[in-house]
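One letter stands for each residue in the lines below.
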Amino acid sequence: MGGFAALAAPAPLLAKTAPVLEPLEILTARGPARFQVELAADNASRAQGLMYRKSLAPDRGMLFDFQTPRPVSFWMRNTYISLDMIFIRADGRILSIARNTVPLSEEGVPSGGPVRAVLELVGGRAAQIGALPGDRVVHRIFPRG
């Protein structure tokens, strides 16, 4: 045979499915702020998070659900956009907020105590809506009240 291989027929393009979005609301002193969020509720989706994304709309985010409250620490490895990380207790109240995290940083961003979930929004968004520790996050994973 010659020195080349026959080209295989091209594989069909797989359609990338749009992420499933769920409503989430943050009740602040300025009033409610509404978002559509992707839920990261398993190890694989939590590990991937928002890595490699080039943008995030102001009304979008990702909610990391750990089911059982625990102290957590996040980093920005392979994350190209600045994020606000909102650490949320099991009762749906905000414990702490890491604002305008540094893209691509491997420095840990700790929750400061046990949390059920972490909400990531585009950097600066928490300040724009007036989110503060103690504010309530409304989503199906938190108790109503």
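No experiment lies behind these values; they were computed from the predicted model shown.

Here is what the cut-offs are and how they apply
Residues numbered from 1 in each chain as written. Predicted model: local features only at pLDDT ≥ 70, side-chain atom pairs only at ≥ 80, totals over all residues. Heavy atoms only, no water. pLDDT = per-residue confidence, 0-100. Contact = heavy atoms within 4.5 Å. Buried < 20%, exposed > 50% of the residue type's maximum accessible area, 1.4 Å probe, protein only. Helix = DSSP H or I, 4+ residues; strand = E, 2+ residues; numbered from the N terminus. Pairing = 2+ DSSP bridges. Salt bridge = Lys/Arg side-chain N within 4 Å of Asp/Glu carboxyl O.

Here the focus is the confidence of the model for the protein chain. Scored by pLDDT, the protein chain comes out at a mean of 88, with 88% of its residues at no less than 70. Under a pLDDT of 50 for its full length, residues 1–11 has, in the predicted model, zero contacts with residues more than four places off or in other chains.

Attention now goes to the pairing of strand 8 (residues 115–122). Consecutive side chains of a regular strand alternate in pointing toward one face of the sheet and then the other. With seven of its eight residues buried, strand 8 lies for the most part within the structure. Two elements, strand 3 (residues 60–70) and strand 8, share five bridges in a ladder whose sense is antiparallel. When the bridges of strand 8 are listed, Arg70 appears paired with Val115. As paired elements, strand 5 (residues 83–88) and strand 8 share six bridges and run antiparallel to each other. Paired with Ile88 across the bridge in strand 8 is Ala117.

Let us now look at the environment of Leu95. Tracing the chain through its elements places Leu95 in strand 6 (residues 94–98). Judged by relative accessible area, Leu95 falls into the partly exposed class, the value being 26%. Each C-alpha atom of the pair Leu95 and Gly134 lies 6.4 Å from the other, and the pair is 39 residues apart in sequence.

Attention now moves to the pattern of salt bridges. Under the criterion given, the structure shown has six salt bridges. For Glu38, the salt bridge identified is with Arg53, shortest N-O distance 2.7 Å. Placement of Glu38 in strand 2 (residues 31–40) and of Arg53 in the loop between helix 1 (43–48) and strand 3 is noted, with a sequence separation of 15 residues between them. Of the charged contacts in the structure, one is a salt bridge between Glu106 and Arg77, with a shortest N-O distance of 3.2 Å. Placement of the pair is Glu106 in the loop between strand 6 and strand 7 (109–110) and Arg77 in the loop between strand 4 (73–74) and strand 5, with a sequence separation of 29 residues.

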